Amino acid sequence: MSSHSENPALQHHFDDLKQQYEAANMGMWAFLAQEIMFFGGLFSGYTVYRYKYLAAFIEGSNHLPIFWGALNTVVLIASSFTVAMAVRAAQLGRAKSLFNWIISTMVLGVAFLGIKSIEYADKYHHGLIPGANFTYDSPMAGQLKIFFSFYFVMTGMHALHMIIGIGLMIWLIPKIRRGAFTAEYYSPIENFGLYWHFVDIVWIFLFPLLYLIGREPWIQL
Amino acid sequence: MTTTSTTEAPSASGHHADHDVNYLNNEYGIKSWLLSLDHKRIGLLYLIMTTVFFVVGGIGAALIRIELMTPGGDLLEADTYNKMFTMHGVAMIFFFLIPSVPAVIGNFVLPIMIGAKDVAFPKLNLLSWYCYMVGGGLATFAIIAGGIDTGWTFYTPYSTTYANGYVSVALFGVFVNGFSGILTGVNFMTTVHKMRAPGMTWFRLPLFIWAQYATSLIMILGTPVVAITLLLVALERVFHIGIFDPALGGDPILFQHMFWFYSHPAVYIMIVPGFGVMSEVIACFSRKRIFGYSFVAFSSLAIAVLGFIVWGHHMFTTGQSIYAGMVFSFLTFLIAVPTAVKIFNWTATLYRGSVSMESPMLYAMGFMGLFLIGGLTGLFLSTMATDIHLHDTYFVVAHFHYVMVGGMVMAYLCGLHFWWPKMTGRMYSEVMAKTSAVLIFMGFNLTFFPQFVLGYLGMPRRYHVYPDEFQILHVASTAGATVLGIGYLVLFICLVSSLINGAKAGPNPWGAKGLEWMIESPPTPHNFHETPVVTFEAYAYEEEDTLLPVPGDGQTTGAVSH
Amino acid sequence: MDSTVEHSSPNHGGDHEGPHIAPMRMYVAIVGLLFLMTAITVCAAFVELGAFGTPVALAIAVFKASMVVLFFMHVRYNTPLMWVFAGAGFFWLLIMFSLTMQDYMTRDWETPAPIEFLDLL
């Protein structure tokens with residue numbers, strides 16, 4: 001037993017903080033593997049229909065604004081950077097810096113959702129939301145509806161994960177202010193960081209798969 | 001993750017004399033159970049609720065069997081019959097079989113077997129039980145409010161275009177329940193990696209732990225896929241998103257791909273922990289180390305991995321490409337290899353062992369025979385040509401009941417009898433336990449063996465009326481189900497009465513090896529007074545007893561024997 | 001703000017098994033690279049690449065994701081076991097994709113004519 005056993009953050013069933021840290025880290029990675037498969041189911045369905053209905057997917061993709069999508073990619077990557085910096089601040093035991101980086105992450109997360117809602121509102125005005133007001137005049141309307149279903153389910157699930165992430169930050173902030181995290185105990189910050197990076201990775205794949213299909217014809221026009 | 005544990009670990013020095021404190025009596029009151037973070041109490045919570053769902057599913061089965069005694073539809077309407085077999089399937093698979101061994105027995109013995117005070121994440125463990133309860137509650141509500149008639153598989157378009165009743169609610173229930181399995185999987189996997197006692201190396205782990213580890217792998221990587229799939233079906237029902245709707249170009253068979261990507265591995269979630277129980281029990285009652293320990297250990301992992309690449313064999317008769325069918329058929333045969341490795345190794349363990357037939361061993365023997373039949377008939381179904389004939393007949397029904405009931409339920413009951421003295425501190429009546437084991441074995445065979453014949457002759461599953469010539473076999477099957485039901489009843493009485501008037505069990509009533517048998521029955525709240533140091537191999541039955549710490553000598557565990 | 005101090009915090013137990021603390025310039029470099037790759041993937045989408053369009057977009061996405069996993073998520077500095085944990089999900093994803101697609105991609109293939117058993121004799 002090391003002297004760390006006196007640390008109030010040590011839970012009773014662990015021998016020392018190192019074991020507790022490693023367990024938390026591994027548990028989070030196992031959870032992320034689960035998340036990969038959760039989104040993987042959607043990506044798998046997407047792949048099947050993209051293979052079957054490529055023309056409809058190209059047409060659908062051309063209804064998505066690249067500017068907003070790319071801007072959101074930048075916002076989310078930036079938030080990934082800020083959360084990485086937050087974890088680093090936690091590792092170094094800098095509470096003030098940790099607080100600032102978490103707040104920046106939250107601001108960027110909210111910005112992402114704001115941009116997303118602009119896009120969703122735009123889709124609503126054009127009657128492109130399956131289940132709400134899908135009106136599309138084309139022989140491929142059914143297949144386009146499938147494209148937009150995937151668009152909304154995939155980005156919606158992603159946005160839900162963002163909202164959960166922002167909720168986690170709201171939960172973490174009072175703890176940070178209380179000084180609950182030290183250079184010896186910061187697993188919740190690190191695990192939150194892992195979660196947030198994962199959400200970023202999902203978007204890194206969603207962006208080219210949804211927004212960037214079959215854009216070449218535009219140049220030829 | 002702050003600590004909110006209400007009980008402090010009894011210090012190693014202070015509580016030695018106080019040997020009456022155990023996990024059952026250290027706290028009282030309903031709150032001390034419903035908010036317990038103790039893996040043993042959570043295991044018991046699971047035990048109670050899985051038993052409730054077993055009864056719910058059993059009622060469905062009973063009504064099905066009574067209806068099928070006559071060729072006409074005299075007890076149940078067609079629609080009610082559909083709802084009954086759906087209720088039977090949903091309750092038994094999602095709420096009984098999947099959590100049975102992992103969440104009941106695994107929760108109880110896994111941390112003790114590796115010398116840990118608890119699982120890695122006790123709060124997630126409790127949360128998983130609540131996910132199970134919420135999921136179960138929603139599914140029960142769906143069954144009571146209007147019933148679901150899709151079958152437990154929720155195939156589209158039954159579940160989207162044509163279903164009546166409360167399919168969305170049931171889907172959401174199964175979705176929430178999925179997180180129970182995921183959390184258990186994450187918890188157990190981390191626990192096995194990070195919570196092992198000093199000296200408990202990977203190859204000293206009991207094989208039950210290897211099996212649980214393999215199961216956790218499937219739970220983590222498979223369950224989320226069915227979660228998202230069922231969510232898509234719910235969205236399809238509510239918002240008509242078109243992904244599974246042929247009218248819009250959607251493909252109902254995609255649902256089957258995604259569903260079976262989880263649900264075939266889920267079969268191994270149900271059976272692999274049972275294999276783990278078998279290894280423990282067979283080694284104990286043969287007084288021998290398991291033959292080919294590492295082969296049995298790795299075959300669990302091999303089954304977990306191979307289980308993910310065979311799902312298409314459920315879809316031979318759908319519109320799936322026959323080339324895909326060939327690939328899936330071939331891969332399916334592969335999975336027979338690690339399964340056979342296990343059966344052969346258990347048999348080899350019995351060979352020249354000092355076999356004694358206590359009731360857990362009777363269940364284990366029952367498992368071996370029934371699972372063998374279940375497994376071998378699976379080969380008929382994985383052959384594409386014979387599957388065309390046998391698909392969706394009672395042959396399939398008999399096959400998976402031999403695996404699930406003959407295999408898994410027998411293994412679960414085996415484990416329950418084996419660890420019951422450890423869980424409760426009481427011995428049950430051996431005569432009653434043996435009676436129930438024999439009744440269950442006989443009743444089971446009488447119920448399901450005729451169904452192989454029925455299926456071969458062409459009786460399709462999920463029909464409540466049938467031609468007269470099948471009646472004799474159906475009556476035999478119903479008679480068997482009655483015997484089976486009586487067997488379960490005897491078993492229930494046997495275990496419950498042991499709580500009232502059972503003899504006190506010592507720490508190790510079976511003379512078994514393993515850390516869980518070196519502590520008190522029932523265990524103290526934190527299992528061990530001191531972290532044990534493991535200096536012996538698993539199943540060291542053939543070694544001198546002096547190598548092992550004896551309970552009461554205070555050397556390793558500080559436990560006090562009764 | 002932060003200087004590029006490495007290992008300035010007391011690691012667990014004073015040994016070097018504690019978490020690796022990477023210098024800030026590494027994070028800045030990675031985020032810069034990720035921005036650059038985002039720009040490249042947008043530009044590449046407008047270039048006539050024919051059948052290579054999707055593979056290029058996916059390759060860039062995989063590269064970006066790997067950067068995040070390796071450096072932001074610290075897998076680069078973690079134990080081999082954690083490499084396995086991080087990779088398992090992607091490996092299983094590959095299983096799901098390939099075995100699902102082998103059905104859809106072979107559905108239009110010609111069904112082989114049935115073989116008369118007697119012809120084999």
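Bear in mind the structure is a predicted one, so any value in this text is a computation, not a measurement.

A. Region of interest: the confidence of the model for chain B. All names here are of chain B. Chain-level statistics for chain B give a pLDDT mean of 90 and a share of 93% at 70 or above. In this model, residues 1-18 is a region of pLDDT below 50 whose contacts with residues beyond four sequence positions or in other chains number 28 contacts. Counted against residues more than four places away or in other chains, residues 550-562, with its pLDDT under 50, gives 29 contacts.

B. Spatial organisation of the packing of helix H3 (residues 66-91) of chain A against helix H6 (residues 187-211) of chain A. Residues and elements named next belong to chain A. As a packed pair, H3 and H6 sit with axes 9 Å apart at the nearest point and diverge in direction by 160°. When the axes of H3 and H6 are compared, the pair comes out roughly antiparallel. For the crossing formed where H3 meets H6, the hand is left-handed. Of the residues assigned to the contact of H3 with H6, the class counts are 16 nonpolar, 7 polar and 2 charged.

C. Region of the structure containing the interface of chain A and chain C. Tallying the contact residues gives 58 residues for chain A and 58 residues for chain C. Counting the surface lost from both chain A and chain C, the interface buries some 5,100 Å², and carbon and sulfur atoms represent 74% of this. Across the chain A-chain C interface, the total number found is 0 salt bridges. In this structure, the connection of chain A to chain C is made through 3 residue pairs in polar contact (both at pLDDT 80 or more). For the side of chain A that touches chain C, the secondary structure elements donating two or more residues are helix H1 (17-52), H3, helix H4 (95-125), H6 and helix H7 (216-220) of chain A. The leading source of residues in the side of chain A that touches chain C is H1 of chain A, at 20 residues.

D. How the structure looks around the domain arrangement of chain C. All names here are of chain C. One can read the domain layout of chain C as domain 1 (1-78) and domain 2 (79-111). Taken together, the 5 residues of domain 1 in the interface contact 5 residues of domain 2. On the surface where domain 1 and domain 2 come into contact, there are 0 salt bridges. On inspection of domain 1 and its partner domain 2, the count reaches 1 residue pair in polar contact (both at pLDDT 80 or more).

E. Representation of the interface of chain A and chain B. The interface of chain A with chain B comprises 41 residues on the first partner and 41 residues on the second. Carbon and sulfur atoms supply 69% of the area buried between chain A and chain B, which totals about 3,500 Å² over both sides. The largest share of the area that chain A buries against chain B comes from His12, His13 and Met37 of chain A, three residues that together contribute 18% of it. On the surface where chain A and chain B come into contact, there are 1 salt bridge. If you look at where chain A meets chain B, you find 11 residue pairs in polar contact (both at pLDDT 80 or more). Those elements giving two or more residues to the side of chain A that touches chain B turn out to be H1, helix H5 (141-178) and H6 of chain A.

F. Seen up close, the packing of helix H2 (residues 39-67) of chain B against helix H15 (residues 471-501) of chain B. Residue and element names in this part refer to chain B. Direction vectors running N to C along H2 and H15 enclose 155°, while the axes themselves pass 10 Å from each other. Put simply, H2 runs roughly antiparallel to H15. For H2 against H15, the interelement crossing comes out left-handed. Packed against H2, whose contacting residues are Thr51, Phe54, Arg65 and Ile66, the element H15 presents His474, Ser477, Thr478, Ala481, Tyr488 and Phe492 at the interface.

G. Representation of the packing of aromatic side chains within the structure. In the structure shown here, the tally under the stated rule is 74 aromatic pairs over all chains. A centroid spacing of 6.1 Å and a plane angle of 85° characterise the contact between phenylalanine 81 of chain A and tryptophan 101 of chain A, whose relative ring orientation is edge-to-face. Note that phenylalanine 81 of chain A is positioned in helix H3 and tryptophan 101 of chain A in helix H4, a separation of 20 residues in sequence. Neither residue differs from the other here; phenylalanine 81 of chain A and tryptophan 101 of chain A are each classed as buried. Cation over ring: arginine 41 of chain B sits above tryptophan 33 of chain B, and NZ or CZ is 4.3 Å from the ring centre. Cation over ring: arginine 107 of chain C sits above tyrosine 104 of chain C, and NZ or CZ is 4.2 Å from the ring centre.

Cut-offs applied
Residues numbered from 1 in each chain as written. Chains lettered and ligands numbered in written order. Predicted model: local features only at pLDDT ≥ 70, side-chain atom pairs only at ≥ 80, totals over all residues. Heavy atoms only, no water. pLDDT = per-residue confidence, 0-100. Contact = heavy atoms within 4.5 Å. Axes fitted to C-alpha atoms, helices over the stretch in contact; angles between N-to-C directions. Helix = DSSP H or I, 4+ residues; strand = E, 2+ residues; numbered from the N terminus. Parallel < 35°, antiparallel > 145°, perpendicular 65-115°, else oblique. Left-handed = near helix turned anticlockwise from the far one by under 90°. Nonpolar A, V, L, I, M, F, W, Y, C, P; charged D, E, K, R; others polar. Buried area = accessible area lost by both parts, 1.4 Å probe. Salt bridge = Lys/Arg side-chain N within 4 Å of Asp/Glu carboxyl O. Polar contact = N/O pair within 3.5 Å; in protein donor to acceptor, adjacent residues only side chain to side chain. Domains from an automatic or database assignment. Phe/Tyr/Trp six-rings, centres within 6.5 Å; stacked < 30°, edge-to-face > 60°. Buried < 20%, exposed > 50% of the residue type's maximum accessible area, 1.4 Å probe, protein only. Lys NZ or Arg CZ within 6 Å of the ring centre and 35° of its normal.

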